[in-house]
Amino acid sequence: SQQGEEDPQALSIQEGENATMNCSYKTSINNLQWYRQNSGRGLVHLILIRSNEREKHSGRLRVTLDTSKKSSSLLITASRAADTASYFCATDAAGGYQKVTFGTGTKLQVIP
Amino acid sequence: DTEVTQTPKHLVMGMTNKKSLKCEQHMGHRAMYWYKQKAKKPPELMFVYSYEKLSINESVPSRFSPECPNSSLLNLHLHALQPEDSALYLCASSQDKGKNTGELFFGEGSRLTVL
């Protein structure tokens, strides 16, 4: 069964705007990761945040983690058309080493 | 460019055929994964190999048979598949870091169509 659910399912924004995606999960985790997938291709790792971290930045990406609410958010600032893709959160549950399960995903469209 | 190579990129097979999907990585990773992804759905974990031993099998039907001949190679043998098995099959690898699973490196996938 899937660990995470994401919202929104789909998001359409103008180039230059910020995009925020949310992920909720069910059980305690070791870490949470975000991945991007262009249509029909492999997934690309974006960022990993450990369960004892609250916020992490990488370039135009900002990830937050709230373990009390079992939720995470991914913020992409100053979006570009090339950011158009599906975004997935992924977790490995505490005690579930290597069992990395993916959330339902958010499909982001950035309009030039 | 991905450092995990999957072949073939596309495969069409009949329900009575036997075929294999192959995955190769040269990053020295000791954990390798198979995921199945249906259209508009997230990847679903099938198998994990750690140090060439099967560590996770997510109750996958026996018509899917994984094999890890060495630390760089991962195969998925397919036999007597059903049309509903048509999907994108993704291979991934990661360093084995003890208690915490790190970043997964994915291949581009093998798109399987079962007729």
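Refer to the structure presented above.
None of the values given here were measured: they were computed from a predicted structure. (Residues numbered from 1 in each chain as written. Chains lettered and ligands numbered in written order. Predicted model: local features only at pLDDT ≥ 70, side-chain atom pairs only at ≥ 80, totals over all residues. Heavy atoms only, no water.)

What follows concerns the interface of chain A and chain B. With 22 residues of chain A at the interface, the matching set in chain B holds 28 residues. For the pair chain A and chain B, the summed buried surface comes to about 2000 Å²; carbon and sulfur atoms form 49% of the total. Linking chain A to chain B there are two salt bridges. Note that Glu58 of chain B and Lys99 of chain A form a salt bridge whose closest N and O atoms lie 3.5 Å from each other. Linking chain A to chain B there are eight residue pairs in polar contact (both at pLDDT 80 or more). Taken together, the elements giving at least two residues each to the side of chain A that touches chain B come down to strand S4 (29-37), strand S5 (43-50), strand S9 (85-93) and strand S10 (100-102) of chain A. No other element matches the five residues that S4 of chain A contributes to the side of chain A that touches chain B. Residues of the side of chain A that touches chain B, tallied by class, amount to seven nonpolar, 11 polar and four charged. (Contact = heavy atoms within 4.5 Å. Buried area = accessible area lost by both parts, 1.4 Å probe. Salt bridge = Lys/Arg side-chain N within 4 Å of Asp/Glu carboxyl O. Polar contact = N/O pair within 3.5 Å; in protein donor to acceptor, adjacent residues only side chain to side chain. Helix = DSSP H or I, 4+ residues; strand = E, 2+ residues; numbered from the N terminus. Nonpolar A, V, L, I, M, F, W, Y, C, P; charged D, E, K, R; others polar.)

Let's shift gears to the state of the cysteines. Scanning the model with the defined rule gives two disulfides over all chains in all. Each disulfide pairs two cysteine sulfurs, and for Cys23 of chain A the partner residue is Cys89 of chain A, the sulfurs being separated by 2.1 Å. Taking the torsion about the S-S bond as the criterion, the Cys23 of chain A to Cys89 of chain A disulfide, at about 70°, is right-handed. Pair noted here: Cys23 of chain A is in strand S3 (residues 19-25) and Cys89 of chain A is in strand S9, with a separation of 66 residues, a long-range link. Relative accessible area serves as the criterion here: at 1%, Cys89 of chain A is assigned to the buried category. The disulfide partner of Cys23 of chain B is Cys91 of chain B, and the S-S distance across this bridge is 1.9 Å. Between Cys23 of chain B and Cys91 of chain B the disulfide shows an S-S torsion of about -70°. By sign, it is left-handed. Separated by 68 residues along the polypeptide, Cys23 of chain B in strand S3 (residues 18-25) and Cys91 of chain B in strand S9 (residues 87-94) bring together distant segments of the chain. Both residues of the pair, Cys23 of chain B and Cys91 of chain B, belong to the buried class. (Disulfide = S-S within 2.5 Å. Buried < 20%, exposed > 50% of the residue type's maximum accessible area, 1.4 Å probe, protein only.)

Treat this as a map of the structure, not an account of what it does.
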